[in-house]
Amino acid sequence: MENNENEKEKLEEQKEENKEEKLEEKKEEKKDIEDEEEEAFRKKVEELKRRNGGKKPNISSLTFFLAIFLIVLSAYYFFGNRISNNSVKEVTYTNFIEKLKQGDISEVYEKEDNIYGKAIDAKLEYETKKITNRIGDDTTIMKVIQDKNVELKAVNSYASSIIVQIILNILPMIILIALFMFISRRIMGGGQGGVNPFTMGKAKARLKEKPNVNFKDIAGLDEEKKELEEVVDFLKDPTKFSKAGARVPKGVMLVGEPGTGKTLLAKAVAGESGASFFNISGSEFVEMYVGVGASRVRDLFDEAKKSKPAIIFIDEIDAIGRKRGEGRSGGNEEREQTLNQLLVEMDGFDTDTQIIVIAATNREDVLDKALLRSGRFDRKITVSAPDLKAREEILKVHAKGKKLSQDVKLEDIAKITPGYVGADLANILNEAAILAVRENREEITMKDLDEAVDKIGMGIGRRGKKISEYDLKLTAYHEGGHALMASLLPNADKVHKLTIIPRGNAGGYMMPLPKDEMYVSKNKILEEIMVSFGGRVAEELVMGDISTGASSDIENATRRAEAYVRYYGMSSLGPINMVDSQESYKNIISSETNREIDLEVRKILKERYEMTVELMKQNLEALDRIASLVRAKETITGQEVRALVAGKSVDEVMNMTTEELEEYY
Ligand SMILES: Nc1ncnc2c1ncn2[C@@H]1O[C@H](COP(=O)(O)OP(=O)(O)OP(=O)(O)O)[C@@H](O)[C@H]1O
Ligand SMILES: [Zn+2]
């Protein structure tokens, strides 16, 4: 099979499409972005508030330098006045000598460039410029002084004036530095305690900590913890890895919505392995001055190497890890340099480096592919929103140390909070505690918790909305329809996971496990079209009505069918490339051919839709079982789906052990 560049790309694309969850995401992404941006903004504000701890923005450094300035100024006047608090009259040198000769001056002293002479009546001082360096070198004036027996003060205010002068000379510098620091704080957005201009390239040492979080402090997230265990092993005993010739982990990418516990997981890896924990946010690198990001990365890694084993946790990696040559204008070059430096550092790791970089993001789509290449962040762990059971456990974790009244059933709170993440659940308990305290009660009641759910729910927008019974059923059947098709059709990608926990604007999703294959077969394309249609068909057969929830499924199916005809030349129109692109055959595609393509695409889609209806009608019971299990558990695995499709009942599957389920891998 010939495999030119383009085709490879197409195949890649196809593969990626498969990987993508097949639900409504595409269409709704636009809406999502708005939601996300709002969410991001809200988070930023909260973050700022949190960092400042309610204090006013830090302007103490400015006041500090202002104070110094005032002290210096008053000191100057103090000394200055003590030296000459009489009125001074400037005279010419000859005039001064004249006055001396006439005996008008009783006392002479020098200060800086001048000679001063106190008038006899002590009311006036004469001032004139010195013509020599020291008054003693001036033979003319010395002779007159000796002749007239005028008192010459050898020690004068010269010393103090040096201090004043030094201060005066460095004062502008001090003021400049103060201003610089003040502005730098402004640039940093008031957070992080500002930057010292002399060490601004340095990673802050205070970022290092030894967290006392362990895996057992994290509720749910079992799969995620299991995957991280390997990293813990490595940090504890790297020799085990090198001896076994196993590839050493370098970077782990945690992908998941805000508040799902990514930071917590990273800390727990440190806690479990006893490694030092360096925490920095990607946005901190780019909010810095130009040219500093890369050197900060270098310093951070140097720091970490000194206290190995260590974990470097980079939150919001997307801030530096965006696709290169893309993204918002300004600061791009800076970001790219920072990213390059990060890659360079990671490429330089070997077995005894004993550093693991854990990065977190909720925008995997914008990440530069280079980051995910092998030897860098090649372990990707999706941190998902908690399901029913996990939510109850998280609630329990955060209920520790709080008094709950007898009537409280955390299980019931878990039931009404699908879509809430760990941070939301922690907030619910805090809020409930506040409500109780406000009414002078010691115990949190169910009513407090209910109220807290409403309040937090309002704050988190869509995620916190209660979902109607009808919508839950619709989602369960829709996703169940995808999963059923994926399990029945031999060439389609297997189901990895099925969930009705809302994410973004999607009510739920079916996550396939893409096969590792070089080429996509004709049958696979056709079957994947049926998997896409599975959602819509299930709605039609079970609910008797169809919804807008299938829009992206339909788009997906259409795209596949079109590629099948136009690009892969698999249809009855034959192996002709009819891709609509600038350099291709396009110019000679006649309008008749276009019409033919159109008809062919429609025919394929119609056929496949009807086949999906037929196949699903024969397996409606399996569909019911899938829908009811996913309703009960919110998230179910591919194994569970396949056990149900194989004829096991919902109860049987619920009671299966992990080993028993392995059979349905
Ligand atoms: N599985 C969990 N078990 C217990 N508590 C959790 C869990 N997940 C989240 N939390 C709570 O939510 C808080 C926020 O979680 P964390 O900061 O780890 O989320 P995150 O995914 O890193 O979010 P962000 O993307 O905003 O940084 C934690 O401090 C913890 O109190
Ligand atoms: Zn769907």
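Residues numbered from 1 in each chain as written. Chains lettered and ligands numbered in written order. Predicted model: local features only at pLDDT ≥ 70, side-chain atom pairs only at ≥ 80, totals over all residues. Heavy atoms only, no water.

Enquirer: Looking at this structure, how should I read the pairing of strand E9 (residues 310-315)?
Expert: Every other side chain in a regular strand lies on the same face of the sheet, so the side chains alternate between the two faces. Along E9, 5 of the 6 residues are buried, which leaves the element largely enclosed by surrounding structure. As paired elements, strand E8 (residues 276-281) and E9 share 6 bridges and run parallel to each other. Residue pairing for E9: Phe278 is matched across the bridge by Ile312. Both E9 and strand E10 (residues 355-361) contribute to a ladder of 5 bridges, which runs parallel. Paired with Ile311 across the bridge in E10 is Ile356. (Buried < 20%, exposed > 50% of the residue type's maximum accessible area, 1.4 Å probe, protein only. Helix = DSSP H or I, 4+ residues; strand = E, 2+ residues; numbered from the N terminus. Pairing = 2+ DSSP bridges.)

Enquirer: Please explain the site of ligand 1 as it appears in this structure.
Expert: In the region of ligand 1, 17 residues are neighbours, and Ala219, Gly259, Lys262, Thr263 and His398 sit closest. One nitrogen or oxygen atom from the side chain of Asp315 is found 3.1 Å from an oxygen atom belonging to ligand 1. For ligand 1, whose unbound accessible area comes to 630 Å², protein coverage reaches 80%. Those elements that place two or more of their residues in the shell around ligand 1 are helix H9 (262-273), helix H15 (388-399) and helix H17 (422-438). Sorting elements by how many residues they give to the shell around ligand 1 places H9 first, with 3 residues. Class assignment of the residues belonging to the shell around ligand 1 gives a composition of 7 nonpolar, 6 polar and 4 charged. Here the shell around ligand 1 spans two domains, since at least three of its residues come from each of domain 3 (198-382) and domain 4 (388-458). (Near = heavy atom within 4 Å. Polar contact = N/O pair within 3.5 Å; in protein donor to acceptor, adjacent residues only side chain to side chain. Areas by Shrake-Rupley, 256 points an atom, 1.4 Å probe, with all protein chains shown as cover. Nonpolar A, V, L, I, M, F, W, Y, C, P; charged D, E, K, R; others polar. Domains from an automatic or database assignment.)

Enquirer: So what exactly am I meant to see when it comes to the UniProt feature "active site" (unreviewed entry) in the protein chain here?
Expert: The feature "active site" (unreviewed entry), as annotated in UniProt, sits at Glu479 in this numbering. Following the sequence through the fold, Glu479 ends up in helix H19 (residues 469-488). (UniProt positions renumbered as here; feature names shortened; annotations may be inferred.)

Enquirer: Where do I start with the coordination of the zinc ion (ligand 2) in this structure?
Expert: Geometry sets the ideal angles at a metal, namely 109.5 degrees for four tetrahedral donors and 90 or 180 degrees for six octahedral donors. The zinc ion (ligand 2) binds to the protein through His478 (NE2), His482 (NE2) and Asp553 (OD), with metal-donor distances spanning 2.0 Å. The sequence pattern describing where the donors of the zinc ion (ligand 2) fall on their chain is H-x3-H-x70-D. On the criterion of sequence distance, the pair formed by His482 in helix H19 and Asp553 in helix H21 (residues 551-567) is long-range, its members being 71 residues apart. Comparing His482 with Asp553, the two get one shared label, buried. (Donors = N, O, S within 2.8 Å, 3.2 Å for Na, K, Ca; no water.)

Enquirer: Explain H19 here, please?
Expert: End to end, H19 covers 28 Å across 20 residues, agreeing with the expected 28 Å (1.5 Å per residue, within 8%). Burial analysis of H19 places 14 of its 20 residues in the buried class, the great majority of the element. (Expected span 1.5 Å × (residues − 1).)

Enquirer: Looking at this model, I keep getting lost on the environment of Phe533. Mind explaining?
Expert: Checked against the element boundaries, Phe533 lands in helix H20 (residues 522-543). For Phe533, a relative accessible area of 7% puts it in the buried group. When neighbours within four sequence positions are excluded, Phe533 is seen to be in contact with Ala557, Leu605, Arg608, Tyr609 and Thr612. (Contact = heavy atoms within 4.5 Å.)

Enquirer: Which parts of the structure should I look at to understand the confidence of the model for the protein chain?
Expert: Any region with low pLDDT has predicted coordinates that should not be read closely. Averaged over all residues, the pLDDT of the protein chain is 78; the fraction at 70 or higher stands at 77%. Mean pLDDT values for the elements of the protein chain range from 45 in helix H2 (residues 25-52) up to 95 in helix H23 (residues 620-633). Note that pLDDT drops below 50 for residues 14-34; the model gives that stretch 56 contacts with residues more than four away or on any other chain. Taken together, the stretch residues 188-206 has pLDDT below 50 and engages in 37 contacts with residues farther than four places along the chain or on a different chain. (pLDDT = per-residue confidence, 0-100.)

Enquirer: Looking at this model, I keep getting lost on the sheet that holds strand E14 (residues 635-637). Mind explaining?
Expert: Strands in a sheet are paired, the pairing made by backbone hydrogen bonds, and the direction either parallel or antiparallel. Pairing is antiparallel in the open sheet, where 3 strands are placed in the order E13-E12-E14. In this open sheet, the two strands that pair with only one neighbour each are strand E13 (509-513) and E14. The sheet shows a mean angle of 20° between the axes of neighbouring strands, direction not considered. Both strand E12 (residues 494-499) and E13 contribute to a ladder of 5 bridges, which runs antiparallel. Within E13, the position partnered with Lys494 by the bridge is Leu513. (Axes fitted to C-alpha atoms, helices over the stretch in contact; angles between N-to-C directions.)

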